[in-house]
Amino acid sequence: MPGALRKLLRPPSARVTNLTLLVALLLAFATGVGAVATGSPRGRWIVVAHGIAGIAIVLLVPWKGRVVRHGMHRSGAGRWPSVLLGVLVVITVVVGLGYATGVVRSIAGQYGLWVHVAAALALAPLLLWHVVARPVKPRKTDLSRRVLLRAGLIGSAAAVLWLAVDRAVRLAELPGARRRFTGSYEIGSFQPAAAPSTTWLDDTTPTIDPARWRLTVADLSGHSHELTLADLTAHSTRLRATLDCTSGWFTEHDWDGVPVSDLIPDTTGANSLLVHSVTGYQIRFPVTELDSLLLATGVDGQPLAARNGYPLRLVAPRRRGFWWVKWVDRLELQTAPAWWQPPFPVT
Ligand code: HEM
Ligand SMILES: Nc1nc2c(c(=O)[nH]1)N[C@H]1C(S)=C(S)[C@@H](COP(=O)(O)O)O[C@H]1N2
Ligand SMILES: [Mo]
């Protein structure tokens, strides 16, 4: 091994190790959130970046191990939360890899990805505390050539390992090889009865009397009109689209319904469309996207099931499942921009 490379691979100081690991964790966290937000193939890179960041953390284990071994000799009040943090990182990484390869797809009846995300969310406050409790002040030398080269080396090694894992999964024909670019697994496509049903947090399927239900369509000036279910089914068209839930599954169907732009031909002055559910769940779309949206009354030639949004649900191709509002009762043009909302629903 050339001397320069050997020098690079020599464990760095504790502070450089800690800072590198912190950067890798922050990258994994940010790209993880990005991975569950993305629904279009253009966002594939963020899912790949997430896998690479996760593997980089694994590569840092030997270096961090040295730091931990030294730290454990000193007893301190902060030890147990730190141990818990370490355990949560290990769980997050192991479950993430189990899910991505398809080796472990569910844990205790939960979708593996859900467990992965829950562990990652639980470790976030601990990580924050961990760094606040022992602040590592960045120094100018942290950006030295050696440190940057080392970071580049770890990043490249992680990328190569990610590719190797990806190839191995394909060669071994593990379930992970059949995933979509978002990392999700297929369930019940073109078979509405076999398709899953879920809610974002704790919404429950409402009981809706189709004879009394109306869709209210409101314009910018507050004027509105109402449509019955029969009004909507009279103008049905078909759209093939994939519902891809952030809990790690997707399902493809032919959705029957009315294009939103047929109901709202004129968006002059508006920036967004608020799509509201009987349950109070709501989400705002940019008006530039209305042409791609469908309000479905049926799926694969059958009426929608209550659990899947009967009588009316939104179909939002290239958006993740949480945008596909179920039990829609109101469409409202607004001047507020579409980004003027939490990045994920809060209801
Ligand atoms: C510091 C925290 C995290 C670590 C260390 C981590 C690590 C990992 C690892 C190692 C994988 C397997 C990747 C592969 O081999 O392709 C993975 C997959 C995944 N993780 Fe995370 N993750 C973290 C946080 C999150 C968060 C916060 C989210 C979402 C909110 C998330 C969402 C995902 C998704 C969607 C996948 C499957 C996609 C893929 O295969 O890359 N992760 N994670
Ligand atoms: N009103 C309402 N619509 C909703 C949700 C919800 O909780 N309430 N959950 C969303 C999420 S997270 C997903 S993945 C899809 C699930 O649709 P499905 O039950 O037909 O599979 O509905 C979306 N629409
Ligand atoms: Mo979802």
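Preceding block: the structure.
Note that this is a predicted model, so its numbers are computed, not measured.

The rules behind the values
Residues numbered from 1 in each chain as written. Chains lettered and ligands numbered in written order. Predicted model: local features only at pLDDT ≥ 70, side-chain atom pairs only at ≥ 80, totals over all residues. Heavy atoms only, no water. Helix = DSSP H or I, 4+ residues; strand = E, 2+ residues; numbered from the N terminus. Buried < 20%, exposed > 50% of the residue type's maximum accessible area, 1.4 Å probe, protein only. Areas by Shrake-Rupley, 256 points an atom, 1.4 Å probe, with all protein chains shown as cover. Lys, Arg positive; Asp, Glu negative; His and termini not counted. Charge placed at Lys NZ, Arg CZ, Asp CG, Glu CD. Near = heavy atom within 4 Å. Polar contact = N/O pair within 3.5 Å; in protein donor to acceptor, adjacent residues only side chain to side chain. Nonpolar A, V, L, I, M, F, W, Y, C, P; charged D, E, K, R; others polar. Patch = residues over 30% accessible without salt bridge, like charges linked within 9 Å, V, L, I, M, F, W, Y side chains within 5 Å. Salt bridge = Lys/Arg side-chain N within 4 Å of Asp/Glu carboxyl O. Donors = N, O, S within 2.8 Å, 3.2 Å for Na, K, Ca; no water. Tetrahedral: all angles 85-135°; square planar, octahedral: opposite > 155°, others 65-115°. Contact = heavy atoms within 4.5 Å. Core = buried A, V, L, I, M, F, W, Y, C linked by side-chain atoms within 4.5 Å. Phe/Tyr/Trp six-rings, centres within 6.5 Å; stacked < 30°, edge-to-face > 60°. Lys NZ or Arg CZ within 6 Å of the ring centre and 35° of its normal.

Peer 1: When you look at the overall build of the chain in this model, what are you seeing that I'm missing?
Peer 2: Looking only at helices and strands, one finds 9 helices and 13 strands in the chain. When the backbone C-alpha atoms are referred to their principal axes, the chain occupies close to 75 × 45 × 35 Å. Split into buried and exposed, the 347 residues of the chain put 44% on the buried side. Of the roughly 18,600 Å² that the chain leaves accessible, carbon and sulfur atoms contribute 63%. A distance of 25 Å separates the average location of the 36 positive side-chain charges in the chain from that of its 21 negative side-chain charges.

Peer 1: Can you walk me through the site of ligand 2 in this structure?
Peer 2: Taken together, 21 residues sit near ligand 2, with Trp200, Asp203, Asn308, Arg313 and Lys326 positioned nearest. Measuring from an oxygen atom of ligand 2, one finds a backbone N or O atom of Pro196 at 3.0 Å. At a separation of 3.4 Å, a nitrogen atom of ligand 2 approaches a polar side-chain atom of Thr279. Considering ligand 2 on its own, with 530 Å² of exposed area, one finds that the protein chains cover 99% of that surface. For the shell around ligand 2, a count of residues per class yields 10 nonpolar, 7 polar and 4 charged.

Peer 1: I tried to follow a nonpolar patch on the surface on my own but got confused; where do I start?
Peer 2: Nonpolar side chains collect at one region of the surface, where Phe29, Val33, Val117 and Leu121 lie side by side and expose about 300 Å² of accessible area between them. Among the structural elements, Leu121 can be located in helix H6 (residues 112-133).

Peer 1: Explanation requested: the coordination of the iron atom of ligand 1 in the structure shown.
Peer 2: As a benchmark, a tetrahedral metal site with four donors has ideal angles of 109.5 degrees, while an octahedral site with six donors has ideal angles of 90 or 180 degrees. Those protein atoms acting as donors to the iron atom of ligand 1 are His50 (NE2) and His116 (NE2), and they sit at 1.9 Å. Geometry at the iron atom of ligand 1 is octahedral, judged from its 6 donor atoms and the angles of 86 to 180 degrees they form at the metal. Residue His50 is found in helix H3 (residues 44-59), and its partner His116 is found in helix H6; the two are separated by 66 residues along the sequence. The class of His50 is partly exposed, set by a relative accessible area of 22%.

Peer 1: Explain the environment of Pro317 to me, please; I cannot follow it from the model alone.
Peer 2: Relative to the helices and strands, Pro317 is located in the loop between strand E12 (313-315) and strand E13 (328-334). For Pro317 and Gly98, which are 219 residues apart along the polypeptide, the C-alpha to C-alpha distance reads 28 Å. Ignoring sequence-local partners within four residues, the contact set of Pro317 consists of Leu239, Ala241, Ser292 and Trp324.

Peer 1: Explain the site of ligand 1 here, please?
Peer 2: If you check the shell around ligand 1, you find 23 residues, and the closest are Gly32, His50, His116, Trp162 and Arg179. Val47 places a main-chain nitrogen or oxygen 3.4 Å from an oxygen atom of ligand 1. In the environment of ligand 1, a nitrogen atom lies 2.7 Å from a nitrogen or oxygen atom belonging to the side chain of His50. Within the residue set of the shell around ligand 1, elements represented by two or more residues are helix H2 (14-37), H3, helix H5 (79-101) and H6. Considered class by class, the residues forming the shell around ligand 1 number 15 nonpolar, 7 polar and 1 charged.

Peer 1: Could you clarify how one ought to interpret the nonpolar core in this entry?
Peer 2: A general tendency of soluble globular proteins is for nonpolar side chains to be buried together. Counting 44 residues, the largest nonpolar core has Leu215, Trp255, Leu263, Ile264, Leu295, Leu314 and Leu331 as the members making the most contacts within it. For this core, the leading source of residues is strand E10 (residues 294-299), giving 4 residues. Setting aside anything within four residues of it in sequence, one finds Leu263 in contact with Leu215, Val217, Leu227, Leu232, Val258, Leu295 and Leu331. In terms of nonpolar packing, the next biggest core, distinct from the first, is built from 22 residues, Ala28, Ile57, Leu85 and Leu88 among them.

Peer 1: Explain the pattern of salt bridges here, please?
Peer 2: For side chains of opposite charge, pairing can occur when their charged atoms come near one another. Summed over the entire model, instances satisfying the criterion amount to 7 salt bridges. Measuring nitrogen to oxygen at the nearest pair gives 2.8 Å for the salt bridge that ties Arg330 to Glu332. By relative accessible area, Glu332 is classed as partly exposed at 21%. Each of the salt bridges in this network shares a partner with another, and the network as a whole consists of Arg180, Asp244 and Arg320.

Peer 1: Teacher, can you tell me more about the packing of aromatic side chains here?
Peer 2: Any two aromatic rings considered together are summarised by their centre-to-centre distance and by the angle between their planes. Throughout the structure, instances matching the rule amount to 8 aromatic pairs. Ring centres of Trp200 and Phe322 lie 5.1 Å apart, and the angle between their planes is 50 degrees; this geometry places the pair in the tilted category. Highlighted residues: Trp200 in the loop between strand E3 (185-186) and strand E4 (215-218) and Phe322 in the loop between E12 and E13, separated in sequence by 122 residues. For Phe322, a relative accessible area of 5% translates into the label buried. Taking 5.3 Å as the distance between ring centres and 55 degrees as the angle between the ring planes, the aromatic pair formed by Phe322 and Phe344 counts as tilted. Within this pair, whereas Phe322 is found in the loop between E12 and E13, its partner Phe344 is found in the segment after E13, the two being separated by 22 residues in sequence. With respect to class, Phe322 is no different from Phe344; both count as buried. Three or more aromatic residues joined by ring pairs form one cluster here, namely Trp200, Phe285, Phe322, Trp323 and Phe344. Over the aromatic face of Trp323 sits the side chain of Arg319, whose NZ or CZ is 3.8 Å from the ring centroid.

The values are spatial; any link to function lies outside them.
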